[in-house]
Amino acid sequence: MSDKGKGTIELIAGCCALVLIIGGCTSVLAPAHQGAANETSQRCVPAMTKRARIAAAPGQQTPVAPTPEALSRFSSDALRVAQVARVMPLLNHLASQAESSREHPLAEMQSRQRLAERLLLTLFEITSATAELTCERDRADQVANRIEDIDGARVKRLTIASILFGGIAGIVSGGIGLAAGASVGGEAADVAGGTLASWFGVSALFTHSAVEFRHERNVLQEIWADPPEPHLFSPTIWRYLHHARDEGGKVPREQVLDSWYQAGRLGENGSADTEERQRLFFGAGGRYGAAELRARASMLETLEASIRVLYEQLEVLMREIVEETADFS
């Protein structure tokens with residue numbers, strides 16, 4: 001073999017070694033212990049154990065219908081959210097005291113206070129649920145940011161390598177041609193350089209890193225599985241998700257699921273990607289890429305936005321209570 005051929009082979013071998021040093025296009029990231037956020041950098045599970053929820057009185061196990069007095073004094077929107085919050089008995093009692101409030105102001109005040117306490121507890125339940133959803137969403141976004149930063153740096157290195165090898169191949173080919181007037185060595189350099197430049201360029205397009213991301217306490221799974229009794233949501237929020245129908249007759253849980261499908265968060269319907277995402281999103285965790293983490297964060301945001309609507313409905317009820325009880329005085 002000629003010296004030119006040996007030199008070309010050595011050049012190709014050196015380039016291949018550099019390829020191995022730079023690394024492939026797919027990798028699994030180890031958790032970062034310093035600097036960038038990782039899957040364990042944020043605690044979203046409540047730090048304290050919540051006490052047993054207030055047991056409903058026997059008369060509140062089933063929905064209580066509004067009395068004629070309540071129907072005449074409160075709007076249908078206010079009555080619907082009162083059913084969800086299970087405060088209809090208190091609302092009925094308050095409405096029935098309209099005529100006797102001047103004679104028994106203390107009784108009327110006690111009824112208002114009990115009603116306010118129950119509604120305040122409902123507000124705290126909403127705040128607690130949305131805080132956990134926000135924390136989980138931010139946790140997924142932070143890890144996705146870290147993956148995208150690492151992938152971006154790798155793409156930059158691969159792109160620079162592609163440009164360098166393309167340029168080096170041209171220089172070597174031109175140098176061989178000028179020095180010896182031969183074309184075999186120059187063409188070999190062109191082939192090697194072009195091959196490596198193409199490999200680096202294609203690798204930059206398919207760079208994809210992943211990280212092990214855990215969520216044993218999975219709020220999305222409870223919405224998806226729809227158990228008879230909730231474990232991660234309060235009974236009030238669970239009733240809202242299953243009973244507060246919109247104009248189209250769909251409850252918030254159905255609206256959330258429709259949004260997940262329509263936005264493509266679960267992949268194409270019936271595809272292998274859909275099955276994989278369902279296993280990943282609704283299980284205890286697994287290997288996530290940036291795209292999967294962004295999809296999970298978007299699903300959490302959709303659920304959070306749906307629950308926050310209950311704030312507006314409670315505001316309607318509380319505003320009417322304030323206005324109506326002011327008339328009682």
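See the structure above.
Residues numbered from 1 in each chain as written. Predicted model: local features only at pLDDT ≥ 70, side-chain atom pairs only at ≥ 80, totals over all residues. Heavy atoms only, no water.

Asks: I tried to follow the overall build of the protein chain on my own but got confused; where do I start?
Replies: When its secondary structure is counted, the protein chain shows eleven helices and three strands. Seen in sequence order, the protein chain has helices and strands lined up from the N terminus as α-β-α-α-α-α-α-β-α-α-α-α-β-α. Every one of the 329 residues in the protein chain was classed for burial, and the buried ones make up 39%. Summing over all exposed atoms, the protein chain offers an accessible surface of approximately 18100 Å²; the carbon and sulfur share of this is 58%. (Helix = DSSP H or I, 4+ residues; strand = E, 2+ residues; numbered from the N terminus. Buried < 20%, exposed > 50% of the residue type's maximum accessible area, 1.4 Å probe, protein only. Areas by Shrake-Rupley, 256 points an atom, 1.4 Å probe, with all protein chains shown as cover.)

Asks: Can you walk me through the side chain of His-215 in this structure?
Replies: Counting through the fold element by element, His-215 comes out in the loop between strand 2 (208–214) and helix 7 (219–225). From its side chain, His-215 meets the backbone oxygen of Gly-283 in a polar contact 3.1 Å long. In this structure the side chain of His-215 is engaged in a polar contact, spanning 2.8 Å, whose partner is the side chain of Tyr-288. With sequence-adjacent residues up to four places away left out, His-215 is seen in contact with Arg-139, Leu-280, Phe-281, Gly-283, Ala-284, Gly-285, Tyr-288 and Arg-296. (Polar contact = N/O pair within 3.5 Å; in protein donor to acceptor, adjacent residues only side chain to side chain. Contact = heavy atoms within 4.5 Å.)

Asks: Even after reading the chapter, I still don't get the side chain of His-242, so can you show me in this structure?
Replies: Topologically, His-242 is positioned in helix 8 (residues 235–243). At 2.8 Å, the side chain of His-242 forms a polar contact with the backbone oxygen of Trp-238. His-242 has contacts with Asp-226, Val-251 and Arg-253, leaving out every residue within four places of it along the chain.

Asks: Could you clarify how one ought to interpret the nonpolar core in this entry?
Replies: Nonpolar side chains tend to gather and get buried jointly when the protein is soluble and globular. Within the largest apolar cluster, 55 residues are counted, with the highest numbers of intra-cluster contacts made by Leu-91, Leu-293 and Leu-317. Sort the elements by how many residues they give to this core and helix 11 (residues 290–328) lands first, with twelve residues. Those residues within four positions of Leu-91 in sequence are excluded, and the remaining contacts are Phe-74, Leu-79, Ala-82, Leu-115, Leu-317 and Ile-321. (Core = buried A, V, L, I, M, F, W, Y, C linked by side-chain atoms within 4.5 Å.)

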